[in-house]
There are 2 protein chains.
Amino acid sequence: MSSPALKTETALPTFLAACRRQPVAHTPIWIMRQAGRYLPEYRAIRSKVGFTELTRSPELAAEVTLQPIRRFALDASIIFSDIMVPIEGMGVDLEYAPGPVIGTPIRTLKQVEELRPLVPEQDVPFMLEAVKLTRAGLPAHVPLIGFAGSPFTLFSYLVAGKPSKEFSVPRAFAQAEPEISARLLDKLADAMIVYLRAQVNAGAQALMLFESWGGLLGPSDYKRIALPPVKKIIEGLKDLGVPLIYFANQCGGSLEYIATLDVDVVGLDWRTSLGGAREILGPQRAIQGNLDPAHLFSPPAELKKRVDEVFTDIGPGPGHIFNLGHGIWPETDPDTVARLVDYVHERSAKA
Amino acid sequence: MSSPALKTETALPTFLAACRRQPVAHTPIWIMRQAGRYLPEYRAIRSKVGFTELTRSPELAAEVTLQPIRRFALDASIIFSDIMVPIEGMGVDLEYAPGPVIGTPIRTLKQVEELRPLVPEQDVPFMLEAVKLTRAGLPAHVPLIGFAGSPFTLFSYLVAGKPSKEFSVPRAFAQAEPEISARLLDKLADAMIVYLRAQVNAGAQALMLFESWGGLLGPSDYKRIALPPVKKIIEGLKDLGVPLIYFANQCGGSLEYIATLDVDVVGLDWRTSLGGAREILGPQRAIQGNLDPAHLFSPPAELKKRVDEVFTDIGPGPGHIFNLGHGIWPETDPDTVARLVDYVHERSAKA
């Protein structure tokens, strides 16, 4: 038996323990886009520097990553960056307006073959430096999450050229040109493997893959198109030994295929029942989510009811990380976030 | 036993028979937005008249409704109009740019109370006239579908003021102002009841309610917010005796609540498994859907495979109406639509 002192020294931070489905003193919580426009201190920095400049400045990126940690009792931190940062590193010309706009959308095999393989230390050194600085600035009990976009999500932006409501161009392209699409997705998988590995080398303690546009695909297309490159990435990271989180946005209809992925945590949007997902994904998987960002606009007593519904949905047992079901909205009151974090801790500690 | 001749005379059109879960000689098919921009003959008319003018001109609205029926062996027709037409009739100032933009978004109880109840014969006579003209121009075996937007979908546009990616304004409003929201939703339900009844009086033989933005809500919000006004509408139409179709777009997570609705047909988007939905909705319900509009960009042999997947998903038995899982895209080749319609008929007649 270990002494209480030793226990304290070696205990995993709550967030990492929950990723491993270990019992925890309270349900950990962090919030997608927690470093962002709803915070006045973030807006103060953004009033002076553009979005691209912010992602490319290690000191400022670390600073905005740390801002919500200073304000709230959050259990994890996620590096401030953008899923398109490594794409720029691969030689793709893009700007934010405010969504990513690609100079020349990728539509030919030649363009795919010309994409440079990513060499993170050369191509995105500022991002790795931001990870290092952030880790150095974080308290020991708050792990740092690194992240990347899923190949299909990156593909959607690269082929579309600009964000669109239905992403009809990349969806049609994936059907009309399955070979070129598969090659592009595979190349993106290779790039994301080295990108995520470099983040762990720089200090990231968990990794998250954002399947932000997976919900554009029906289940059989998800399986044929989006899933293979994700599998490749997960295989390419397994030896790192850090928890892998897969955010399957609006993929509730594809959970049976997601269940085949060897990830530690599946993140879910607010339209997908956590309890229903757990039945399909099995007890060996932790689940992250999924309060509707809209519920942060409820009166305080109602917000508690909505949080209670999330807890009721997932049910008892270890392996739940509380989060929103999507990124927090810029109009959100930071005081509501403070109330949310405290209530999640209080309610789950009692339970 | 009836004679073959009598049988032919009295047999329901295939589409209406499928709505009633009766055995049919082939699976009927129609296509959401079948009167639309993918047809050169539609674009020819739109090059001369604006969208609003087209919805307000009975002759032209009937003409574009009939265009796809002349070209393809479709089993049903849907009146060309827009879900916001009755909202204009209620005194709301709006224009299309190209989505609906509301002059003064509805955010107060006073604005809700000031909304005029709809009197279809006075407020939207052109729409009812278009239904009459279209019915007169259709072959007897092609039924005409009338339609309306669901209260929550109309609410989303009215509160947002303009289309947006996440509709964060109406989603936050629904949480922050539940009483005003419920009143608005109820008032919209009343208006849609008289609107849909008037369409049947004018000649519509089936009615469809578009829950286009239902997928913005998680299951418990769907139940609390979107479902009650839909129930009210369905109760207000039952005595008409025409089939009711509820298009539950991206509501796959809310099917257990949709199962409580007394509708004849549930339409599903391409992310929701038809077979999975049938298990939840029960055999007494016909199902409409759900080919991904992106699949119309597949090579011909692949398109057949995708159609086969839809048939495999729904399984054997009566009560399937083939459709896309969402509106057809303007970039679609009309020849592909012809191949789709013929293949659906051919394959289901063989089976």
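For clarity, every value in this text was computed on a predicted model and none was experimentally measured.

Trainee: Can you explain the overall build of chain A? Please cite residues and give values.
Mentor: Helix and strand counts for chain A stand at 17 helices and nine strands. Taking 20 Å as the expected radius of gyration for a compact globule of 351 residues, we find that chain A reaches 20 Å, a close match to that expectation. Seen through its C-alpha atoms, chain A measures out along the principal axes to roughly 60 × 45 × 45 Å. When each of the 351 residues of chain A is scored for burial, the buried share is 54%. Counting contacts in chain A only where the partners sit at least 6 residues apart, residues at least 24 apart contribute 72% of the total.

Trainee: Describe the sheet that holds strand 7 (residues 265-268) of chain B, and please don't skip the residues or the numbers.
Mentor: Whether parallel or antiparallel, the strands of a sheet pair through hydrogen bonds between backbone atoms. Residue and element names in this part refer to chain B. Across the sheet, seven strands lie side by side as 1-4-5-6-7-8-9; this open sheet has parallel pairing. The two strands at the open ends of the sheet, each matched to only one other strand, are strand 1 (77-78) and strand 9 (320-324). Running at roughly 160° to strand 8 (residues 286-291), helix 15 (residues 274-281) makes contact with strand 7 and strand 8 of the sheet.

Trainee: Tell me about the relation of the copies chain A and chain B, and please be specific about residues and values.
Mentor: You can overlay chain A on chain B at an RMSD of 0.0 Å; the transform is a turn of 180° with a shift of 0.0 Å along its axis. Here the symmetry operator amounts to a two-fold rotation axis. No C-alpha of chain A approaches the rotation axis more nearly than that of Lys165 of chain A, which lies at 3.4 Å. Both copies share a contact surface, since 100% of the interface residues of chain A are interface residues in chain B too.

Trainee: Please provide a residue-by-residue account of the interface of chain A and chain B, values included.
Mentor: Listed as interface residues are 25 residues of chain A and, on the opposing side, 25 residues of chain B. Elements with a minimum of two residues in the side of chain A that touches chain B: helix 11 (168-176) and helix 13 (219-235) of chain A. A total of five residues in the side of chain A that touches chain B trace back to one element, the largest contributor, which is helix 11 of chain A. Broken down by class, the residue content of the side of chain A that touches chain B amounts to seven nonpolar, 11 polar and seven charged.

Trainee: For the environment of Thr108 of chain B, give the residues involved together with the corresponding values.
Mentor: Residue position: Thr108 of chain B is located in the loop between strand 3 (100-102) and helix 7 (109-114). We classify Thr108 of chain B as exposed; it has 12 C-beta atoms within 10 Å.

Trainee: Hey, could you go over the packing of helix 10 (residues 151-160) of chain B against helix 11 (residues 168-176) of chain B for me, with residue numbers and the actual values?
Mentor: All names here are of chain B. Interhelical geometry of helix 10 versus helix 11 gives an angle of 105° and a closest axis separation of 8 Å. In this view, helix 10 runs roughly perpendicular relative to helix 11, as classed from their interaxial angle. Two secondary-structure elements touch here, helix 10 through Phe155, Ser156, Val159 and Ala160 and helix 11 through Val169, Pro170 and Phe173. Partitioned by chemical class, the residues of the contact of helix 10 with helix 11 number six nonpolar, one polar and no charged.

Trainee: I'd like a description of the sheet that holds strand 1 (residues 77-78) of chain A, backed by residues and values.
Mentor: All names here are of chain A. Taken in spatial order, the seven strands make up an open sheet running 1-4-5-6-7-8-9, and their pairing is parallel. Among the strands making up the open sheet, the edge pair consists of strand 1 and strand 9 (320-324). Strands in contact with helix 16 (residues 300-314) are strand 8 (286-291) and strand 9; relative to strand 8, the strand with the most contacts, it is inclined by about 150°.

Trainee: Tell me about the confidence of the model for chain A, and please be specific about residues and values.
Mentor: All names here are of chain A. Summary statistics for chain A give a mean pLDDT of 95 and a share of 97% for residues scoring 70 or more. A low-confidence stretch, residues 1-9 (pLDDT under 50), is modelled with one contact involving residues beyond four sequence positions or located in other chains. Interface confidence for the predicted complex, given as ipTM, is 0.94, next to a pTM of 0.95.

Trainee: Any details on the pairing of strand 6 (residues 244-248) of chain A? Residues and values, ideally.
Mentor: Consecutive residues of a regular strand have side chains that alternate between opposite faces of the sheet. Residues and elements named next belong to chain A. Within strand 6, five of the five residues are buried, leaving the element largely enclosed by the surrounding structure. The two faces of strand 6 match: Leu244, Tyr246 and Ala248 on one face and Ile245 and Phe247 on the other face are all buried. Two strands pair when backbone bridges link them, and strand 5 (residues 206-211) and strand 6 are joined in this way by five bridges, in the parallel orientation. Residue pairing for strand 6: Phe210 is matched across the bridge by Phe247. Note that the unit made of strand 5, helix 13 and strand 6 has a crossover that is right-handed. As paired strands, strand 6 and strand 7 (residues 265-268) are joined by four bridges and run parallel to one another. Within strand 7, the position partnered with Phe247 by the bridge is Gly267.

Trainee: Any details on the environment of Gly327 of chain B? Residues and values, ideally.
Mentor: All names here are of chain B. Within the fold, Gly327 resides in the loop between strand 9 and helix 17 (334-350). When the C-alpha positions of Gly327 and Phe126 are compared, they lie 24 Å apart, and in sequence the two are 201 residues distant. If we skip the residues at most four places from it in the chain, Gly327 touches Met32, Arg33 and Pro293.

Trainee: Outline the pairing of strand 7 of chain B, supporting the account with residue identities and numerical values.
Mentor: Residues and elements named next belong to chain B. Across the two faces of strand 7 the burial is the same, with Val265 and Gly267 and Val266 and Leu268 all buried. When strand 7 meets strand 8, the two strands line up parallel, connected through three bridges. Among the inter-strand pairings, Val265 is bridged to a residue of strand 8, identified as Ala286. Each parallel crossover has a hand, and the one from strand 7 via helix 15 to strand 8 is right-handed.

Trainee: Describe in detail the environment of Pro151 of chain B, supporting the description with residues and values.
Mentor: If you trace the backbone, Pro151 of chain B turns up in helix 10. Each C-alpha atom of the pair Pro151 of chain B and Ile328 of chain B lies 23 Å from the other, and the pair is 177 residues apart in sequence.

Trainee: Can you explain the packing of helix 15 of chain B against helix 16 (residues 300-314) of chain B? Please cite residues and give values.
Mentor: Residues and elements named next belong to chain B. As a packed pair, helix 15 and helix 16 sit with axes 6 Å apart at the nearest point and diverge in direction by 25°. Classified by the interaxial angle, the pair formed by helix 15 and helix 16 is roughly parallel. Where helix 15 crosses over helix 16, the two elements pack in a sense that is right-handed. Taken together, the residues of helix 16 that come into contact with helix 15 (itself represented by Leu274, Gly275 and Arg278) are Val310, Asp313 and Ile314. Residue classes in the contact of helix 15 with helix 16 are distributed as three nonpolar, one polar and two charged.

Trainee: Hey, could you go over the nonpolar core for me, with residue numbers and the actual values?
Mentor: The biggest cluster of nonpolar side chains holds 238 residues, and the ones touching the most others in it are Ile145, Leu207 and Val266 of chain A together with Ile145, Leu207 and Val266 of chain B. Each residue touching Leu207 of chain B, except ones within four places of it in the same chain, is listed here: Ile145, Gly146, Phe147, Leu196, Gln199, Val200, Leu237, Val242, Leu244 and Ile245 of chain B.

Trainee: How would you summarise unusual backbone geometry if you had to cite specific residues and measurements?
Mentor: Residues and elements named next belong to chain A. Cis geometry marks the peptide bond from Ala97 to Pro98, where omega comes out at -15°. Considering the arrangement of structural elements, one finds Pro98 in the loop between strand 2 (94-96) and strand 3 (100-102). Unusually for a residue other than glycine, Phe167 sits at a positive phi of about 50°. Tracing the chain through its elements places Phe167 in the loop between helix 10 (151-160) and helix 11.

Trainee: Tell me about helix 11 of chain B, and name the residues and values.
Mentor: All names here are of chain B. Where burial is concerned, most of helix 11 is hidden: seven out of the nine residues are buried. Every buried residue belonging to helix 11 is among Val169, Pro170, Arg171, Ala172, Phe173, Ala174 and Gln175, and all of these are buried. Summarising the contacts, the buried residues of helix 11 are in contact with helix 10, helix 12 (178-202) and helix 13 (219-235).

So, how was this worked out
- Residue positions within a chain follow its written sequence, with the count starting from 1.
- Here chains are named by letter from A upward and ligands by number from 1 upward, in the order in which they appear as written.
- Per-residue local features of the predicted model are confined to residues with pLDDT of at least 70, and side-chain atom pairs are confined, for both listing and counting, to 80 or more; whole-chain, interface and lining totals are unaffected and use all residues.
- By the criteria applied, helices consist of DSSP H or I runs no shorter than four residues and strands consist of E runs no shorter than two, each listed in order from the N terminus.
- With the radius of gyration taken over C-alpha atoms, the globule rule is written as 2.2 Å times the number of residues to the power 0.38.
- Residues are called buried when their C-beta atom has 20 or more other C-beta atoms within 10 Å, exposed when it has 12 or fewer, and partly exposed otherwise; all C-beta atoms are positioned from the backbone.
- By definition, residues are in contact whenever their C-beta atoms, placed on the basis of the backbone, come within 7 Å of each other.
- When DSSP finds at least two bridges between two strands, those strands are taken to pair.
- Axis lines are fitted to C-alpha atoms, over the contacting stretch for helices. Their N-to-C directions set the angle, which ranges from 0 to 180 degrees.
- In superposing the copies, a least-squares fit is computed on C-alpha atoms, taking residues whose pLDDT is at least 70 in both.
- Each residue gets one of three labels, nonpolar for Ala, Val, Leu, Ile, Met, Phe, Trp, Tyr, Cys and Pro, charged for Asp, Glu, Lys and Arg, and polar for the others, Gly among them.
- An angle below 35 degrees is read as roughly parallel, one above 145 as roughly antiparallel, one from 65 to 115 as roughly perpendicular, and any other as oblique.
- Here pLDDT means the predictor's own confidence in every residue, given as a number from 0 to 100.
- Whether a crossover is right-handed depends on one test, that the path from the first strand over the helix to the second runs clockwise when the strands point away from the viewer.
- Each crossing gets its handedness from the near helix: less than a right angle anticlockwise from the far helix is left-handed, clockwise is right-handed.
- In this description, a nonpolar core means buried residues of the types Ala, Val, Leu, Ile, Met, Phe, Trp, Tyr and Cys, linked to one another by C-beta atoms lying within 7 Å.

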